[in-house]
Amino acid sequence: MNTNEHGIKVDEFGMVDTAYYVRQGQLARNEYFAQQLTALGHWLKNLTKKRQRKSFNSTRSFGTV
């Protein structure tokens, strides 16, 4: 793969290598999406932990006031 004087990847015809840049965009988007899913998973896990602790500490769940 070649680059032009501006550092842009070009194909064998000297045109911008759009396939390369499309692939780079897909990889970046996939990485970002995976990070966001991981963050969402951690958030949901913490939320369920908080709700479980709250329900065990509640005196109303045992029928007392």
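All of the points below concern the structure found in this document.

1. Focus: the side chain of Asp17
Thought 1: Relative to the assigned elements, Asp17 resides in the loop between strand 2 (9–10) and helix 1 (18–57).
Thought 2: Here Asp17 occupies a buried position and makes no salt bridge, while the nearest side chain of opposite charge, Lys9, is found at 8.2 Å.
Thought 3: Once residues lying within four places of it in the same chain are set aside, the contact partners of Asp17 are Met1, Lys9, Val10 and Asp11.

2. A short note on the environment of Glu12
Thought 1: Summarising the element assignment, Glu12 is placed in the loop between strand 2 and helix 1.
Thought 2: Taking the C-alpha atoms as reference, Glu12 lies 7.6 Å from Asn2; in sequence the two are ten residues apart.

3. Structural notes on a positive patch on the surface
Thought 1: Where like charges cluster on the molecular surface, the positive patch consists of Lys45, Lys49, Lys50 and Arg53.
Thought 2: On the secondary structure map, Arg53 appears in helix 1.
Thought 3: Taking relative accessible area as the criterion, Arg53 reaches 52% and is therefore assigned exposed.

4. A few points about a nonpolar patch on the surface
Thought 1: A contiguous nonpolar patch, built from Phe33, Leu37, Leu40, Trp43 and Leu44 and spanning about 530 Å² of accessible area, is present on the exposed surface.
Thought 2: Within the secondary structure layout, Leu40 lies in helix 1.

5. With respect to the packing of aromatic side chains
Thought 1: Overall, the coordinates contain one aromatic pair when judged by the stated rule.
Thought 2: Measuring from centroid to centroid gives 5.0 Å for Tyr20 and Tyr21, while their planes differ by 85 degrees, and the two rings are edge-to-face.
Thought 3: Taking relative accessible area as the criterion, Tyr20 reaches 26% and is therefore assigned partly exposed.
Thought 4: Lys9 extends its terminal NZ or CZ atom over the ring of Tyr20, reaching a point 5.5 Å from the ring centre.

Basis of the calculations
Residues numbered from 1 in each chain as written. Predicted model: local features only at pLDDT ≥ 70, side-chain atom pairs only at ≥ 80, totals over all residues. Heavy atoms only, no water. Helix = DSSP H or I, 4+ residues; strand = E, 2+ residues; numbered from the N terminus. Buried < 20%, exposed > 50% of the residue type's maximum accessible area, 1.4 Å probe, protein only. Lys, Arg positive; Asp, Glu negative; His and termini not counted. Salt bridge = Lys/Arg side-chain N within 4 Å of Asp/Glu carboxyl O. Contact = heavy atoms within 4.5 Å. Patch = residues over 30% accessible without salt bridge, like charges linked within 9 Å, V, L, I, M, F, W, Y side chains within 5 Å. Areas by Shrake-Rupley, 256 points an atom, 1.4 Å probe, with all protein chains shown as cover. Charge placed at Lys NZ, Arg CZ, Asp CG, Glu CD. Phe/Tyr/Trp six-rings, centres within 6.5 Å; stacked < 30°, edge-to-face > 60°. Lys NZ or Arg CZ within 6 Å of the ring centre and 35° of its normal.

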